[in-house]
Amino acid sequence: MNLREIYSTENKEPAISYEVFPPKDDVDGTKLENLFVELKKLLIFNPSLISVTYGAGGSNRNESVEIIKRIKNDLKVTPMPHFTCVSTSRANIKIYLNTLSALGVKNILALRGDMPENKEICHDFKYASELIEYIKQESNLSTAAAGYPEGHKECESIDKDIEYLKQKVDKGAEVIYTQLFFDNEHYFTFVEKCNKQGIHIPIIPGILPVTNYTTLSKMASLCKVEIPHKMLETLEKHKNDKEYIKKYGIEYAGIQCKKLIENGVKGLHFYTLNKSYAVSEILKNILYTRTN
Ligand code: FAD
């Protein structure tokens, strides 16, 4: 299915999707096998899509392709490769697009990628909007873009960032997947501002279930997202109690998801960190609550 079909207005239920990454330092392939063991546990929730991240420099391109093939052929789920243009030439991008089309891939999440430190930047595409325009010219791929409810870390203001987001939509982005956030108000305000700027495509919230205090602190500062005061206080108080943190993170994300569904989101995109437990608990909880 392509993105338009997945997020069609006719679908009453929000579409569930998962994000995974190619495992690092996977010398004997064990981590890759584990990833598929985890993904298989999540199939019972009938995911509409599984997205696969891409190293900004293209370092894990082959691994991404392998995972995409297995998602499609073994799990029979629609894959969505991410792709970043920051260090890749136009010619190289064309080759990759051809590879994806030959595999029968229908969707792509088009990104600029983080600016690499001490590495060469390729100047063929400066922003994701230019990449999206190129993908639409050169392929039939249904294209998604990234959005940042609290603003992108390099941007001077959220309003300016949304202005640039509109350029991505005008160039052909059909869906926006958001950066993770822990305060739904950021998401609701963002959607409102996007609508005012004339952005009317689905804006799918990205949900990260917190299972580990250190990972959370690292990710929050890396992505420039706010950790609400009460959440931070609770996590700091219990930071040495791994089981407590996991339980709290699952409950917290579950409440976030329920409120998002009540407000009519078209989908939920889970940052799985290649693990099934937390997402599985959240989805069980949501489904139970919704049918009872
Ligand atoms: P852009 O949309 O190009 O924006 C980059 C910056 O430039 C922003 O500050 C924007 O405001 C500004 N800007 C845009 N257009 C203009 C313009 N015309 N003039 C001036 N300024 C402009 N990274 C990876 O390496 N691999 C991944 O797989 C990956 N997956 C992601 C998935 C999601 C859902 C999200 C939210 C992010 C992901 N990222 C990934 C991170 C992303 O690559 C970085 O946040 C990157 O710094 C920006 O990418 P972008 O596509 O949003 O860039």
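Look up: the structure comes first, before these words.
Residues numbered from 1 in each chain as written. Predicted model: local features only at pLDDT ≥ 70, side-chain atom pairs only at ≥ 80, totals over all residues. Heavy atoms only, no water.

To continue, consider the sheet that holds strand β6 (residues 175–180). Here we have eight strands rolled up into a closed barrel, ordered β1-β2-β3-β4-β5-β6-β7-β8, and parallel in their pairing. This sheet shows a mean twist of 25° between the axes of neighbouring strands, independent of strand direction. When β6 meets strand β7 (residues 203–207), the two strands line up parallel, connected through three bridges. Bridge assignment links Tyr177 to a residue of β7, and that residue is Ile204. (Pairing = 2+ DSSP bridges. Helix = DSSP H or I, 4+ residues; strand = E, 2+ residues; numbered from the N terminus. Axes fitted to C-alpha atoms, helices over the stretch in contact; angles between N-to-C directions.)

With the rule as written, the count across this model stands at 16 salt bridges. Taking the shortest distance from any N to any O, the salt bridge between Arg70 and Glu33 comes out at 3.0 Å. A residue pair is termed long-range when its members are at least 10 positions apart, and Arg70 in helix α3 (residues 61–73) and Glu33 in helix α2 (residues 30–41) qualify at 37 residues. We note a salt bridge from Glu174 to Lys136, for which the minimum N-O separation is 2.8 Å. Highlighted residues: Glu174 in the loop between α6 (158–170) and β6 and Lys136 in helix α5 (residues 128–138), separated in sequence by 38 residues. One network of salt bridges, in which partners are shared, links Arg4, Lys136 and Glu174. (Salt bridge = Lys/Arg side-chain N within 4 Å of Asp/Glu carboxyl O.)

Using the criterion set out here, one finds nine aromatic pairs in the structure. Between the aromatic rings of Tyr7 and Tyr177, the centroid separation amounts to 6.2 Å while the plane-to-plane angle is 70°, which identifies the pairing as edge-to-face. One end of the pair, Tyr7, is in the loop between α1 (3–6) and β1 (15–20); the other, Tyr177, is in strand β6, with 170 residues separating them in the sequence. Tyr7 gets classed as buried once you look at its relative accessible area, which sits at 5%. The buried category is assigned to Tyr177, whose relative accessible area is 3%. Ring centres of Phe125 and Tyr134 lie 5.2 Å apart, and the angle between their planes is 55°; on these two criteria the pair is classed as tilted. Ring pairs connect the aromatic residues Tyr54, Phe83 and Tyr96, which therefore count as one cluster. (Phe/Tyr/Trp six-rings, centres within 6.5 Å; stacked < 30°, edge-to-face > 60°. Buried < 20%, exposed > 50% of the residue type's maximum accessible area, 1.4 Å probe, protein only.)

Ranked by internal contacts, the top residues of the largest apolar core, which has 60 residues, are Tyr18, Leu268 and Phe270. Setting aside its immediate chain neighbours within four residues, Leu268 contacts Ala15, Ile16, Ser17, Ile204, Pro205, Ile207, Cys257, Leu260, Ile261 and Ile286. Counting residues in hydrophobic clusters, the runner-up holds 16 residues, among them Leu216, Ile227, Ile245 and Tyr248. (Core = buried A, V, L, I, M, F, W, Y, C linked by side-chain atoms within 4.5 Å. Contact = heavy atoms within 4.5 Å.)

Here we take up the environment of Glu174. According to the relative accessible area criterion, Glu174 is buried, its value standing at 10%. With 26 residues separating them along the chain, Glu174 and His200 place their C-alpha atoms 9.4 Å apart. Look past the residues within four positions of Glu174 in its chain and what remains in contact with it is Arg4, Lys136, Leu141, Ser142, Thr143, Ile201 and Pro202. One polar contact links Glu174 to Lys136, side chain to side chain, over a distance of 2.8 Å. (Polar contact = N/O pair within 3.5 Å; in protein donor to acceptor, adjacent residues only side chain to side chain.)

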